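Working through the structure, step by step
One-letter residues, chain by chain:
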Amino acid sequence: QVQLVESGGGLVQAGGSLRLSCKASGRTFANYVLGWFRQAPGKERELVGRISQSSSTVYYPDSVKGRFTISRDNAKNTGYLQMDNLNDEDTAVYYCAAARFQSLSRGQYDFWGQGTQVTVSS
């Protein structure tokens with residue numbers, strides 16, 4: 001129903017910035033909460049940002065607060081993750097995900113992108 005495709009990953013130097021995009025191809029993208037996750041080798045998947053349907057509320061964990069900015073443009077069916085002051089602990093595969101209210105209330109996301117690799121060199 002909703003397909004998500006991430007882009008913008010790559011190799012970046014420590015202290016640098018990177019902007020990830022999440023393009024949604026299904027209709028009613030504006031009805032879904034958008035989340036960004038990351039998973040590094042040997043580590044559990046971690047939520048790094050969540051934004052409500054109308055961008056009225058956002059959430060960041062302490063690990064990225066002040067460095068990452070999540071946003072969305074519903075008219076373009078696209079979500080974004082701006083990452084600044086990157087360090088080697090940010091190296092991971094980054095995924096975007098969309099959740100309907102019924103699913104999110106259970107702690108689940110309905111649709112996931114394929115992921116994009118972010119590698120921070122130091």
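Here, every reference points to the structure presented above.
Computed from a prediction, not measured in an experiment: that's the story for all the values here. (Residues numbered from 1 in each chain as written. Predicted model: local features only at pLDDT ≥ 70, side-chain atom pairs only at ≥ 80, totals over all residues. Heavy atoms only, no water.)

Focus on the pairing of strand β3 (residues 18–24)
Burial within β3 is extensive, with 5 of its 7 residues counted as buried. Note that strand β1 (residues 4–7) and β3 share 4 bridges and pair antiparallel. For Glu 6, the partnering residue across the bridge sits in β3 and is Cys 22. Of the strand pairs in this sheet, β3 and strand β8 (residues 78–83) are connected by 6 bridges, and their pairing is antiparallel. The partner of Leu 18 across the bridge, within β8, is Met 83. (Buried < 20%, exposed > 50% of the residue type's maximum accessible area, 1.4 Å probe, protein only. Helix = DSSP H or I, 4+ residues; strand = E, 2+ residues; numbered from the N terminus. Pairing = 2+ DSSP bridges.)

Some words on the pattern of salt bridges
One pass over the full model with this rule turns up 5 salt bridges. Put simply, Arg 38 and Glu 46 hold a salt bridge, and the shortest N to O gap is 2.9 Å. Exposure remark for Arg 38: the relative accessible area of 7% places this residue in the buried category. Between Asp 110 and Arg 100 there is a salt bridge, with the nearest N and O atoms lying 3.4 Å from each other. Within this pair, whereas Asp 110 is found in the loop between α1 (101–104) and β10 (111–112), its partner Arg 100 is found in the loop between β9 (92–99) and α1, the two being separated by 10 residues in sequence. Beyond isolated ion pairs, a larger network of salt bridges with shared partners links Arg 38, Glu 46, Arg 67 and Asp 90. (Salt bridge = Lys/Arg side-chain N within 4 Å of Asp/Glu carboxyl O.)

Here we look at the packing of aromatic side chains
Think of a pair of aromatic rings as described by two things: how far the centres are apart, and how the planes are tilted against each other in angle. Under the defined criterion, the tally for this structure stands at 4 aromatic pairs. Measuring from ring centre to ring centre gives 5.0 Å for Phe 37 and Tyr 109, while their planes differ by 90 degrees; the resulting arrangement is edge-to-face. Residue Phe 37 is found in strand β4 (residues 33–39), and its partner Tyr 109 is found in the loop between α1 and β10; the two are separated by 72 residues along the sequence. Judged by its relative accessible area of 9%, Phe 37 falls in the buried class. In this structure Tyr 109 comes out as buried when scored by relative accessible area, which is 14%. Put simply, the rings of Phe 37, Tyr 109 and Trp 112 pair up and form one aromatic cluster. (Phe/Tyr/Trp six-rings, centres within 6.5 Å; stacked < 30°, edge-to-face > 60°.)

Digging into the side chain of Glu 6
Tracing the backbone shows Glu 6 in strand β1. Among the polar contacts made by the side chain of Glu 6, one reaches the main-chain amide nitrogen of Cys 96 at a distance of 2.8 Å. Side-chain polar atoms of Glu 6 contact the backbone nitrogen of Gln 114, separated by 2.9 Å. When near neighbours in sequence (up to four residues on either side) are disregarded, Glu 6 contacts Ser 21, Cys 22, Trp 36, Tyr 94, Tyr 95, Cys 96, Gly 113, Gln 114, Gly 115 and Thr 116. (Polar contact = N/O pair within 3.5 Å; in protein donor to acceptor, adjacent residues only side chain to side chain. Contact = heavy atoms within 4.5 Å.)

A short note on the environment of Thr 57
Relative to the helices and strands, Thr 57 is located in the loop between β5 (46–51) and β6 (58–59). Taking C-alpha positions, Thr 57 is 20 Å from Arg 19, a pair spaced 38 residues apart along the chain. Thr 57 has contacts with Arg 50, Ile 51 and Ser 52, leaving out every residue within four places of it along the chain.

The values reported here are purely geometric and, on their own, carry no functional implication.
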